[in-house]
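Working through the structure, step by step
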Amino acid sequence: MRIEETGIPGAFAVTPHLLPDERGSFHEGLRADKLEQAIGAPFVPRQISYSVSRRNTLRGIHTVAVPPGQAKYVTCVHGALRDIIVDLRVGSPAFGRHHVCTLDARSGRSLYIPDGVGHGFLALADDTRICYVMSTVYAPGTQIDIDPFDPELALPWEPDGEPLMSKKDTEALGLAATLAAGALPTWQKVGA
């Protein structure tokens, strides 16, 4: 398993070592001991959730207020997706920057996303399924949603036509408005 920090401090790309044979393949999807060594803190799963998306579905950019905060370990378990994370931690040296990668079931690649970093994805195939392993349980009223098409962020979604989106994502505020509302966590508050 290879764990590499992305351009977003505290966010890591995890690439498993695949063991193929005539039956298919096997790999370790999460090794908490190795992940914790890389992030320098415990990662204790409190909730596991899944979403299933049609091709060209765009979900995000989402994060959770601090407290309670929510670190995520995301893996595409079927299909493929363009995953984008955005540093939303006010005061972070990477505030407003993003990291893009493709997650697909074939590679088994995952992303570790720390507290205060936003996450979203564009489904590249029908029946794309993503697994979220999260450090906290869902707490109503703590969700922070950022407009995924905010021109200030200029995220490279590259949808094929008009993407399928939820009402909350199409109505989400941009980064500047969310910042002005005082809704974003600070770099200091997330313990970075």
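First, a word on what this report is: a plain description of the structure on this page. (Residues numbered from 1 in each chain as written. Predicted model: local features only at pLDDT ≥ 70, side-chain atom pairs only at ≥ 80, totals over all residues. Heavy atoms only, no water.)

This brings us to the overall build of the chain. Scanning the chain from terminus to terminus reveals 3 helices and 13 strands. On C-alpha atoms alone, the chain measures out to a radius of gyration of 16 Å, which is about the 16 Å that the 2.2 N^0.38 rule sets for 192 residues. With respect to the principal axes defined by its C-alpha atoms, the chain has extents near 55 × 40 × 30 Å. Taking the intrachain contacts of the chain between residues at least 6 apart in sequence as the baseline, contacts between residues at least 24 apart amount to 80%. As displayed, the chain has an accessible area near 9,400 Å², and 53% of this comes from carbon and sulfur atoms. Counting 18 positive and 22 negative side-chain charges, the chain places the centres of these two groups 3 Å from one another. (Helix = DSSP H or I, 4+ residues; strand = E, 2+ residues; numbered from the N terminus. Rg over C-alpha atoms; globule rule 2.2 N^0.38 Å. Contact = heavy atoms within 4.5 Å. Areas by Shrake-Rupley, 256 points an atom, 1.4 Å probe, with all protein chains shown as cover. Lys, Arg positive; Asp, Glu negative; His and termini not counted. Charge placed at Lys NZ, Arg CZ, Asp CG, Glu CD.)

Now for the pairing of strand S1 (residues 2–5). As defined by bridge partners, S1 adjoins strand S2 (residues 12–15) across 4 bridges and the pair is classed as antiparallel. Paired with Glu-4 across the strands is Ala-13, a residue of S2. Count of turn residues in the S1/S2 antiparallel hairpin: 6 residues, of which Gly-10 carries a positive phi of about 85°. (Pairing = 2+ DSSP bridges.)

Glancing now at a nonpolar patch on the surface. Taken together, the side chains of Ile-48, Tyr-50 and Val-77 make up a nonpolar region of the molecular surface, amounting to roughly 330 Å² of accessible area. Residue placement: Ile-48 occurs in strand S5 (residues 47–53). (Patch = residues over 30% accessible without salt bridge, like charges linked within 9 Å, V, L, I, M, F, W, Y side chains within 5 Å. Salt bridge = Lys/Arg side-chain N within 4 Å of Asp/Glu carboxyl O.)

On to the nonpolar core, then. Grouped burial of nonpolar side chains is what soluble globular proteins tend to show. Core analysis: the largest hydrophobic core is formed by 17 residues, its most contacted members being Val-74, Ile-85, Leu-103 and Leu-111. The dominant element in this core, judged by the number of residues it contributes, is strand S12 (residues 128–134), at 3 residues. Beyond its immediate stretch of four places on either side in the chain, Val-74 contacts Asp-83, Leu-103, Arg-109, Ser-110, Leu-111, Ile-113, His-119, Ile-130, Cys-131 and Tyr-132. By size, the runner-up hydrophobic cluster in this structure holds 13 residues, among which are Leu-122, Ile-146, Leu-155 and Trp-157. (Core = buried A, V, L, I, M, F, W, Y, C linked by side-chain atoms within 4.5 Å. Buried < 20%, exposed > 50% of the residue type's maximum accessible area, 1.4 Å probe, protein only.)

Scanning the model with the defined rule gives 1 aromatic pair in all. Ring geometry for Phe-43 versus Tyr-112: centroids 5.6 Å apart, planes at 90°, classification edge-to-face. Placement of the pair is Phe-43 in the loop between helix H1 (32–39) and S5 and Tyr-112 in strand S10 (residues 110–113), with a sequence separation of 69 residues. A relative accessible area of 3% places Phe-43 in the buried class. (Phe/Tyr/Trp six-rings, centres within 6.5 Å; stacked < 30°, edge-to-face > 60°.)

It is worth spelling out the sheet that holds S5 at this point. Taken in spatial order, the 6 strands of this open sheet run S1-S2-S10-S7-S12-S5, and their pairing is antiparallel. Edge strands, defined here as strands with exactly one partner in the open sheet, are S1 and S5. Averaged over all pairs of adjacent strands, the angle between strand axes in this sheet comes to 20°, irrespective of strand direction. Here 7 bridges tie S5 to S12, and the two strands are oriented antiparallel to one another. (Axes fitted to C-alpha atoms, helices over the stretch in contact; angles between N-to-C directions.)

Strand order across the open sheet formed by 5 strands is S9-S8-S11-S6-S13, with antiparallel pairing between neighbours. Two strands in the sheet have a free side with no partner beyond their single neighbour: strand S9 (98–104) and strand S13 (143–145). Neighbour-to-neighbour, the strand axes of this sheet turn through a mean angle of 25°, independent of strand direction. Of the strand pairs in this sheet, strand S8 (residues 80–87) and S9 are connected by 7 bridges, and their pairing is antiparallel. When the bridges of S9 are listed, Leu-81 appears paired with Leu-103.

Okay, the side chain of Asn-56 next. In this structure, Asn-56 sits in the loop between S5 and strand S6 (58–64). Within polar-contact distance, the side chain of Asn-56 engages the backbone nitrogen of Asp-160 at 2.9 Å. Within the local environment of Asn-56, its side chain forms a polar contact with the backbone oxygen of Glu-162, the two atoms lying 3.2 Å apart. Setting aside chain neighbours within four positions, we find Asn-56 in contact with Leu-122, Ala-123, Pro-159, Asp-160, Gly-161, Glu-162, Pro-163 and Leu-164. (Polar contact = N/O pair within 3.5 Å; in protein donor to acceptor, adjacent residues only side chain to side chain.)

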